[in-house]
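A closer look at the structure
As a plain string of letters, each chain reads:
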Protein chains: 2
Amino acid sequence: MTSNAHGARRQRSDATRNVAALLTAAHEAGVDAPAKDITDLAGVGVGTLYRHFPRRSELIAAVLQNEVDDCAQAAAALAASQPPWDALAAWIDRFTAFVGTKRGLAAALHSGDPAFDGLPGRLFEQLVPVLARLLETARADSAVRADITAADILLAVALLCQPTSSEDPQFNEHVIHVFVEGLRHT
Amino acid sequence: MTSNAHGARRQRSDATRNVAALLTAAHEAGVDAPAKDITDLAGVGVGTLYRHFPRRSELIAAVLQNEVDDCAQAAAALAASQPPWDALAAWIDRFTAFVGTKRGLAAALHSGDPAFDGLPGRLFEQLVPVLARLLETARADSAVRADITAADILLAVALLCQPTSSEDPQFNEHVIHVFVEGLRHT
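What you see is a predicted model; the values in this text were computed from it and never measured. Here the residue numbers are simple positions, counted from 1 along each chain's written sequence. Lettering of chains starts at A and numbering of ligands starts at 1, both following the order in which they are written. Thresholds applied to this predicted model are a pLDDT of at least 70 for local features of residues and 80 or more for the giving and counting of side-chain atom pairs; totals over whole chains, interfaces and linings are not thresholded and use all residues. Excluding hydrogens and water, the side-chain figures rest on all heavy atoms present in the structure.

A few points about the side chain of A:Glu67
All names here are of chain A. The condition is simple: For helices the rule is a DSSP run of H or I covering at least 4 residues; for strands it is a run of E covering at least 2, with both sets numbered from the N terminus onward. Each residue gets one of three labels from its accessible area relative to the maximum for its type: buried under 20%, exposed over 50%, partly exposed in between, using a 1.4 Å probe on protein chains only. Nitrogen and oxygen atoms within 3.5 Å of one another constitute a polar contact, given that in protein one can donate a hydrogen and the other can accept it, and given that sequence-neighbouring residues count only through two side-chain atoms.
The residue Glu-67 is located in helix H4 (residues 56-81) in this model. Among the residues examined, Glu-67 registers a relative accessible area of 10% and is labelled buried. Within the local environment of Glu-67, its side chain forms a polar contact with the side chain of His-27, the two groups lying 2.6 Å apart.

Structure below.
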């Protein structure tokens with residue numbers, strides 16, 4: 001290997017690490033946080049942020065995609081470590097936590113910015129087969145009612161994640177739990 | 001009784017009948033139907049419509065109030081004729097049908113028209129005690145879980161009534177049925 005090739009590989013690995021740090025920091029600080037808060041948390045310079053994500057909408061889209069990837073990957077670990085019903089219920093909790101922290105993003109997603117074109121639909125389409133597999137396993141175990149699709153479960157949970165006038169700060173988690181209980185095969 | 005008093009009473013009774021016919025017609029034709037469609041269906045002249053409801057928003061508010069009154073009154077008949085759980089589930093179906101036909105009204109209700117000031121909140125407050133009584137009876141019968149309020153059930157069902165991208169035309173009724181199943185005491 002030439003020292004040039006070696007240097008290029010190190011640059012790529014630095015870039016991957018910086019992007020990962022920026023996505024984690026943007027998730028923690030909030031995607032609408034000042035740029036400096038995000039880069040301080042990530043331990044990189046502001047130039048690095050703007051090199052990878054010239055516009056804020058590109059950062060937001062990447063954070064969302066990253067979180068959906070995490071949510072999708074969590075399914076396999078849950079399925080491997082728990083009975084089918086428990087894995088299904090735990091994954092819906094995981095999805096709820098993901099959607100529940102995304103309320104402030106609705107405005108961004110509907111802003112007409114091309115970085116968001118079709119993004120919610122793509123994220124949804126990525127998670128439907130993940131839930132479908134958990135559902136299939138739970139059905140084979142006679143744990144879940146037969147008459148509802150993975151897509152309809154995701155849509156229902158997304159509706160139940162919306163803000164309301166409820167006085168209960170745990171309203172959304174609470175009614176989603178009731179909905180999930182209704183999925184049990186009886 | 002003088003013939004004047006007799007005439008005044010008949011006028012009042014005509015007015016009551018005309019208003020009832022207009023509310024029924026507006027419900028059937030849709031509150032955004034042309035005035036003539038509504039008055040033809042009600043069998044009254046357009047002048048009668050504008051005398052009772054000078055502005056469309058007043059008609060819409062009256063139709064909504066009328067339907068909420070019907071929905072509230074339905075509870076007693078259901079409670080008298082069915083076991084507590086069945087009465088509760090049937091009333092939630094009734095409420096779902098009411099909310100489900102109101103989708104097009106969201107824009108009107110958020111239009112800032114003073115005829116709608118506080119209306120959704122008042123309708124909601126009128127139905128909470130109605131559902132609370134059905135819930136109390138079903139709980140006394142050990143038919144329903146103890147950890148959810150009437151207000152939170154109404155809010156959850158209202159969220160689940162919203163339009164989505166589901167391919168199932170019965171999506172809303174379907175996921176509300178799952179939610180209601182989750183309310184059962186197990």
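With respect to the pattern of salt bridges
A side chain of one charge can pair with a side chain of the opposite charge if their charged atoms are brought near each other. Here is the rule we go by: By salt bridge we mean one thing: a side-chain nitrogen of Lys or Arg within 4 Å of a carboxyl oxygen of Asp or Glu.
Taken as a whole and judged by the stated rule, the model has 12 salt bridges over all chains. In this structure, A:Arg55 and A:Glu58 form a salt bridge, with 3.8 Å as the shortest nitrogen-oxygen distance. The exposure class of A:Arg55 is partly exposed, given its relative accessible area of 38%. Among the ionic pairs, B:Arg145 bridges to B:Asp147, the shortest N-O distance being 2.8 Å. On the basis of relative accessibility, which here comes to 39%, the residue B:Asp147 falls in the partly exposed class.

Brief notes about the state of the cysteines
Heads up, the condition is: Here, a disulfide means two cysteine sulfur atoms that sit within 2.5 Å of each other.
Considering all chains together, one arrives at zero disulfides over all chains under this definition. A disulfide-free cysteine, A:Cys161 has its sulfur positioned 11 Å from the sulfur of A:Cys71, the nearest such atom.

With respect to the relation of the copies chain A and chain B
As a reminder, the rule being used: Copies overlap after least-squares fitting; the atoms used are the C-alpha atoms of residues with pLDDT of at least 70 in both. Between two residues, a contact is recorded if the distance between any of their heavy atoms is within 4.5 Å.
It takes a turn of 180° to lay chain A on chain B, together with a shift of 0.0 Å along the axis; the resulting RMSD is 0.1 Å. The two molecules are tied by a two-fold rotation axis, judged by turn and shift. A share of 100% of the interface residues of chain A reappears at the interface of chain B, consistent with the copies meeting face to face through the same patch.

Focus: the interface of chain A and chain B
Accessible area lost upon the coming together of the parts is a frequently used measure of interface size. As a reminder of what qualifies: Here the nonpolar group is Ala, Val, Leu, Ile, Met, Phe, Trp, Tyr, Cys and Pro; Asp, Glu, Lys and Arg are the charged ones; every other residue, Gly included, is treated as polar.
Across the boundary between the two partners, chain A contributes 22 residues, which contact 22 residues of chain B. Summed over the shared surface of chain A and chain B, the result is zero salt bridges. One can count four residue pairs in polar contact (both at pLDDT 80 or more) joining chain A with chain B. Elements represented by at least two residues in the side of chain A that touches chain B include exactly helix H8 (150-160) and helix H9 (171-183) of chain A. Top contributing element to the side of chain A that touches chain B by residue count: H9(A), with nine residues. A class-by-class count of the residues in the side of chain A that touches chain B yields 10 nonpolar, seven polar and five charged.

Remarks on the nonpolar core
Inclusion rule: Buried Ala, Val, Leu, Ile, Met, Phe, Trp, Tyr and Cys residues form a nonpolar core when they are joined through side-chain atoms within 4.5 Å.
Counting 121 residues, the largest nonpolar core has A:Trp91, A:Ile92, A:Phe179, B:Trp91, B:Ile92 and B:Phe179 as its most contacted members. Considering each element in turn, this core owes the most residues, 11 residues, to helix H4 (residues 56-81) of chain B. Ignoring sequence-local partners within four residues, the contact set of A:Ile92 consists of A:Leu131, A:Ile153, A:Val157, A:Ile176, A:Val180 and A:Leu183.

Structural notes on the packing of H8(A) against helix H8 (residues 150-160) of chain B
Short version of the rule: Throughout, an axis means a line fitted to C-alpha atoms (over the contacting stretch in the case of helices), and angles, computed between N-to-C directions, take values from 0 to 180 degrees. Oblique is the label for any angle not under 35 degrees, not over 145, and not in the 65 to 115 range, which are roughly parallel, roughly antiparallel and roughly perpendicular in turn. Should the near helix be turned counterclockwise from the far one by less than a right angle, the crossing is left-handed, whereas a clockwise turn marks it as right-handed.
Axis separation between H8(A) and H8(B) bottoms out at 8 Å; the angle between their running directions is 130°. With respect to H8(B), the element H8(A) is oriented oblique. H8(A) and H8(B) meet at a crossing whose hand is right-handed. Residues A:Ala156, A:Leu159 and A:Leu160 of H8(A) touch H8(B), and the partners they reach there are B:Ala156, B:Leu159 and B:Leu160.

Details of the confidence of the model for chain A
In plain terms, the rule: Across the chain, each position has a pLDDT score giving the predictor's confidence in that residue, from 0 to 100.
In the predicted model, chain A carries a mean pLDDT of 90, and the fraction of residues at 70 or more is 93%. Interface predicted TM-score (ipTM) for the complex: 0.85; the corresponding pTM is 0.86.

Thoughts on the packing of helix H5 (residues 84-100) of chain A against H8(A)
Residues and elements named next belong to chain A. Two elements in contact, H5 and H8, have axes whose closest approach is 10 Å; the angle formed by their N-to-C orientations is 45°. It follows from the interaxial angle that H5 and H8 lie oblique. Here H5 and H8 pass one another in a crossing that is right-handed. Contact residues: H5 offers Trp-91, Ile-92, Phe-95, Thr-96 and Val-99, while H8 offers Ile-153, Leu-154, Val-157 and Ala-158. For the contact of H5 with H8, the per-class residue count stands at eight nonpolar, one polar and no charged.

So, the packing of aromatic side chains
Defined as follows: Ring geometry is summarised as follows: Phe, Tyr and Trp rings, the Trp one being its six-membered ring, pair when their centres sit within 6.5 Å, and such pairs are stacked at plane angles under 30 degrees, edge-to-face over 60 and tilted between the two.
Applying the stated rule across the entire model yields four aromatic pairs over all chains. Pairing A:Trp91 with A:Phe95 gives two aromatic rings, centres 5.7 Å apart and planes at 15°, and the pair type is stacked. Pair noted here: A:Trp91 and A:Phe95 are both in helix H5, with a separation of four residues, about one helical turn. Taken as a pair, A:Trp91 and A:Phe95 share a single burial class, namely buried. Considering the side-chain rings of B:Phe95 and B:Phe98, the 6.4 Å spacing of their centres and the 50° angle between planes classify their relative orientation as tilted.

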